[in-house]
Amino acid sequence: MKFKGLIGTSVVAMAVATPAYAQDTAGTERDAFGGEIVVTAQRQSERLQDVPIAVSAFSSEALEAQQIKTPSDLQLTLPNVTFTKTNFTGASFTIRGIGDLCVGTTCDSATAIHLNGDPLFSTRLFETEFFDLERVEVLRGPQGTLFGRNATSGVVNVITAKPKLGTFEAAAEAEYGNYDSMKGKAMVNIPLGDTMAFRIAGIYLNRDGYTKNTFLNTRIDDRDLYSVRGSFRWEPSPDTTIDLLASYFHERDQRTRIQKQLCQRDPTGILGCLNNRLDNSPFNANATFTAALTSREFLAIRGIPAGFALGSLYGTDIYANTTIPDDARTVNTAYTPSYFTSELTLQGQIEHNFGPISLQVSGQYQKVKLDASQDYNSNVGNRALYATGLATLQAAANGALGAAFTPYFAPVAAAIIPNGPTGQLCTSLAEETGQGVYGGNSICSDQSLQFDRSNQYNSSWSAETILTSDFDGPFNFLLGGIYADYKLTENSYYVNAFPIDYLTGVLGAFTAATNPASAGGPLPPSFLGTPFFRNNTDSLSIKSYGLFGEAYFEFNDRLKLTAGLRYNNDKKSVTARSTLASFLVPHSLTGDIFASPFVGSFDADPGTPGNQIIQARSVKFNKLTGRAVLDFKVTDDNLLYASYSRGYKSGGINPPLQPIFSVPESFKPEQVDAFEIGSKNTFGNGALTLNLTAFYYKYKDLQLSKIVARTAVNDNVSADIYGFEVEGMVRPDPDWVINLGFSYLHTKVSEDKFTSNPRDFGGGRADAVIIKDITNAANCAVGSTSGNAAGVNAFVNGVQNVINGGFVPGVAAGAGLRPTTAFPSDGGIASTGAFSICSVMEAAASGAFAAAGLNPANFGGIQYFSAGIPVNIKGNQLPQAPNYKFSAGVQYTAHLGDMTLVPRFDLAYTGESYGSIFNGNVNKIKGYAQVNAQMQLNGADDKWYVKGFIQNLFNSASVTGLYITDQSSGNYTNVFTLEPRRYGIAAGVKF
């Protein structure tokens, strides 16, 4: 048996039960689900049912038949596969419980995304809809010895249609659907002599928004995009093929990144949201850093008159009397979202056969831009609560505090309330200079706006060489090497809000005007920069190379051994910083705020001695991995195989935090030992195919993220995973096709791992008090070493008296902090809570205020936890890992003379899962079903067609994933859902 075809099909790796076009013995084309799959490009034909890999694949025709229009739709038919959008404009394609659980610029993807076999970095490939493809392949399980980019969960390989030599072809389709959706796709294949051909294809989509914004009476979450791709093929000789590709994607619209926010409202404001369930309720805005730093309580400890406060932490919050629409596609917001992304991809590949040896050299360049902004609270607050503070600011600007203070407050009032306290409120735009509203970069509205911005600009290139043999003997091999270079020049996450501009202006004015005489007296009128939160990765460089290969040995015609190795080397270097009201910036300064004469007080890297303007970190990782497979052909139609493989994904660097918390500077690589057995079977000359797979994964240092201080940080945990998959196709006669699939998945954390739950900083303990820090809105906790709940409450109340009395150096008296309070009985929080200052709690717990009667020993011993009381998550299920899935599809072809009428019906059900490693009812994602239907009329010789379709027949608003925000943002939950019901008609022609 020749191995060239075997190696080729190992790379494309598809199972017969997957949809793809086939040819019968006469060479005529049959339907999209016909019999054996044949690969005929530059390699010998090989039945894909002979490939010992768990994989699914879809031809372009099968994608259309099953209404798989986007990568998100793939999850509806594939076993043990889920897809969801995530925070910060990301997405996670999860295979067998492993997806992109790591969040950050230095994270590698667990599921490697490839275009024509070449790896993509930070791709927006999944933003567009599929068009003019040859097939899409999804390989389940660790990969690396055949593909150029390592992956722990699997590979998604999108293969574009190649130019055809000597043949002119063209195709076009027009579609109209609900939401006034208009879509067009077209392709032209032009032969250039006998050895060359050019192919161009494109797609355009424009539709109205899925989401109704009742406040502005508009629709948002629309799409306006296009993509165009040009391909060139040259075959100068029968042994040489050269392929070139250029692709560009562009989208600019009002698409939303976050679908909906849910919360069990916390009436205390200490957490914002509780820990028992997810309601359509607003979070308590008193839990946010904007409320904390503009509160009477905070201003009091700074010695600032209470009249400047925008509210009290014990008073009514701005969302107290608002309602959240029950409908998943209805929101209230005064800010219209914006979304822009573009991606340029250039590829080149040359393949030459030297007799029994084949050489393939390929290269790729990619440039990606992303910029998205939306209301991160999805609500409209009550600005009337700000009336007293705004009036006081205007009075101070007019000289109420004396002529000496007017130059300090006048520029603040002019910037944020240019038409007085009852006029429009101006909020900083998220921009790179850091000046914001105080540099004239603002957006003004009758409402108090809040919004975020996520942007990224990156480029990458890679080069890969693969050498394969095609000997007649029992031994063959594949050898490959890849080098990749990735550069990110900008990645920022901004949080903008009118109260931030207010507090940075007012605090900046007081700080500069009241600078003590011992320190040189009053400083120039200034604000605190930045007047918005910005977590900025200024640059990231990743250099990676890998050497990989496989050896194949056939003992006889039925028994074969495959052994492969891979060496990976990754180096990552990053510079980053996080700013929010970090240092004084004179109003007279123009341009970049880091030119401020007071920037020396800012430290971007507290872990390094001295003050650093930016944090710089570098890490290196290397790993040797491999796989071994033994497969046995029981008959020509029945295959058994067993495999072991080790997967690897490099570690990374956590971003700087503000405020500072104790988190690891870096996180470790993850590694998986995967064991798999499988059987691929064809019965009745193709009437039934049945493929079975069982697997067991031993994960070490699986990467997981959570939000800390408004930033995603990552940690590692070990886990065990096992499950099985069944894929089948039944063809009782040539006109009927029935697809069936089922999968089961079990995941659990396998080690004792203690970490804090962002929803419950008390760790479920009744002898703990959760503190909301009034200086930064972060949470901390204190607990008793003896389980003495009364003692720890008494200790906290004693600290409150110390703060209120002004006995803490640098903290003025009069904060009016209240004693501890209980959370609602149905909130899932056993602890009590209080507004206070975490640093003072820490000092008191260490005995710093023993003279005030706060000796921890007097209360049974007090422990302080800066990041919350850790809980053991051993035995918990991994997030985004449904316990089971099943799917079924049925298609019938009715012959109407020269035409055919093809109705199809698809059902998919995804079982329950969790959106967080902490599990619990509040994090549960309910199981959901989706039903699609389609009917297509095909003309004679398939030259034209007309079809009607409907997706999500029952208009399910099913949640596919969730994300818990930071304590200083209110602890609410972002949820991501399937698209609503879509229906329409389409017509197409082929030449």
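Report on the accompanying structure.

Basis of the calculations
Residues numbered from 1 in each chain as written. Predicted model: local features only at pLDDT ≥ 70, side-chain atom pairs only at ≥ 80, totals over all residues. Heavy atoms only, no water. Helix = DSSP H or I, 4+ residues; strand = E, 2+ residues; numbered from the N terminus. Buried < 20%, exposed > 50% of the residue type's maximum accessible area, 1.4 Å probe, protein only. Contact = heavy atoms within 4.5 Å. Areas by Shrake-Rupley, 256 points an atom, 1.4 Å probe, with all protein chains shown as cover. Lys, Arg positive; Asp, Glu negative; His and termini not counted. Charge placed at Lys NZ, Arg CZ, Asp CG, Glu CD. Pairing = 2+ DSSP bridges. Axes fitted to C-alpha atoms, helices over the stretch in contact; angles between N-to-C directions. Core = buried A, V, L, I, M, F, W, Y, C linked by side-chain atoms within 4.5 Å. Disulfide = S-S within 2.5 Å. Polar contact = N/O pair within 3.5 Å; in protein donor to acceptor, adjacent residues only side chain to side chain. Salt bridge = Lys/Arg side-chain N within 4 Å of Asp/Glu carboxyl O.

## As for the overall build of the chain
Now for step 1: Check the secondary structure of the chain and you find 9 helices and 51 strands.
Now for step 2: Dimensions of the chain, computed from the C-alpha atoms along their principal axes, are close to 95 × 55 × 50 Å.
Now for step 3: Within the chain, buried positions represent 61% of all 991 residues.
Now for step 4: Sequence-distant contacts in the chain: of pairs separated by 6 or more residues, those separated by 24 or more amount to 70%.
Now for step 5: When the accessible area of the chain is evaluated, it comes to approximately 34800 Å², of which 58% is carbon and sulfur surface.
Now for step 6: Of the side-chain charges in the chain, 75 are positive and 87 negative, and the distance between the mean point of each set is 4 Å.

## Re the sheet that holds strand β50 (residues 973-977)
Now for step 1: With respect to topology, 3 strands assemble into an open sheet ordered β15-β50-β49, the strand pairing being antiparallel. In the strand order of this sheet, the two ends are held by β15 (260-262) and β49 (959-964), each with one partner. In this sheet, adjacent strand axes meet at a mean angle of 30° when their direction is disregarded.
Now for step 2: Here β15 pairs with β50 via 3 bridges, running antiparallel. Within β50, the residue paired with lysine 260 across the bridge is valine 975.

## Points about the nonpolar core
Now for step 1: Core analysis: the largest hydrophobic core is formed by 98 residues, its most contacted members being Phe308, Leu393, Phe409, Ile416, Tyr502, Phe795 and Ile803.
Now for step 2: Leaving out residues up to four positions away in the same chain, phenylalanine 795 has contacts with Met841, Ala844, Ala845, Leu854, Phe859 and Ile862.

## A short note on the environment of isoleucine 925
Now for step 1: In this fold, isoleucine 925 is placed in strand β46 (residues 924-925).
Now for step 2: Taking the C-alpha atoms as reference points, isoleucine 925 and asparagine 535, 390 residues apart in sequence, are found 30 Å from one another.
Now for step 3: Apart from residues no more than four positions distant in its own chain, isoleucine 925 is found in contact with Glu912, Ser913, Tyr914, Gly915, Val959, Thr960, Gly961 and Leu962.

## Concerning the state of the cysteines
Now for step 1: According to the stated counting rule, one finds 3 disulfides in the structure shown.
Now for step 2: A disulfide bridge connects cysteine 426 with cysteine 444, and the sulfur atoms are separated by 2.0 Å. As the torsion about the S-S bond is roughly 100°, the cysteine 426-cysteine 444 disulfide counts as right-handed. Placement of the pair is cysteine 426 in strand β19 (residues 425-428) and cysteine 444 in strand β20 (residues 442-445), with a sequence separation of 18 residues.
Now for step 3: Judged by relative accessible area, which is 2%, cysteine 426 ranks as buried.

## Remarks on the sheet that holds strand β11 (residues 211-213)
Now for step 1: Taken in spatial order, the 3 strands of this open sheet run β12-β11-β16, and their pairing is mixed. Of all strands in the sheet, those with a lone pairing partner are β12 (218-220) and β16 (330-331), marking the two edges.
Now for step 2: For β11 and β12, the ladder comprises 3 bridges, and the chain directions are antiparallel. Across the sheet, the residue bridging to threonine 211 is isoleucine 220, located in β12.

## Here's the deal with the side chain of arginine 96
Now for step 1: Relative to the helices and strands, arginine 96 resides in the loop between β3 (91-95) and β4 (111-115).
Now for step 2: A polar contact of 2.9 Å, which involves the side chain of arginine 96, links it to the side chain of glutamate 676.
Now for step 3: A polar contact of 2.9 Å, which involves the side chain of arginine 96, links it to the side chain of tyrosine 697.
Now for step 4: Sequence-distant contacts of arginine 96, that is, excluding residues within four places in its chain, are made with Ala54, Asn80, Arg140, Gly141, Glu676, Thr693, Phe695, Tyr697, Ile721, Glu725 and Leu745.

## Here's the deal with unusual backbone geometry
Now for step 1: Here the amide bond leading from glycine 529 into threonine 530 is cis, since omega sits at 0°, within 30 degrees of zero.
Now for step 2: Assignment of secondary structure puts threonine 530 in the loop between β23 (526-529) and β24 (533-554).
Now for step 3: In this structure, serine 122 is a non-glycine residue whose phi angle is positive, near 45°.
Now for step 4: Secondary-structure assignment places serine 122 in the loop between β5 (118-119) and β6 (133-140).
Now for step 5: Note on serine 122: relative accessible area 33%, which makes it partly exposed.
Now for step 6: Positive phi, close to 50°, is recorded for serine 378, a residue that is not glycine.
Now for step 7: With respect to the helices, strands and loops of the structure, serine 378 is situated in the loop between β18 (357-374) and α5 (387-397).
Now for step 8: On the basis of relative accessibility, which here comes to 16%, the residue serine 378 falls in the buried class.

## Describing the pattern of salt bridges
Now for step 1: Inspection of the entire model under this criterion finds 42 salt bridges.
Now for step 2: Note that glutamate 676 and arginine 96 form a salt bridge whose closest N and O atoms lie 2.9 Å from each other. With glutamate 676 in strand β31 (residues 670-683) and arginine 96 in the loop between β3 and β4, this pair connects stretches of sequence that are 580 residues apart.
Now for step 3: Its relative accessible area of 10% is what places glutamate 676 among the buried residues.
Now for step 4: Between arginine 329 and aspartate 221 there is a salt bridge, with the nearest N and O atoms lying 3.4 Å from each other. Note that arginine 329 is positioned in the loop between α4 (296-301) and β16 and aspartate 221 in the loop between β12 and β13 (223-237), a separation of 108 residues in sequence. As far as burial versus exposure is concerned, arginine 329 and aspartate 221 are alike and both buried.

Read these as geometric descriptors, not functional statements.
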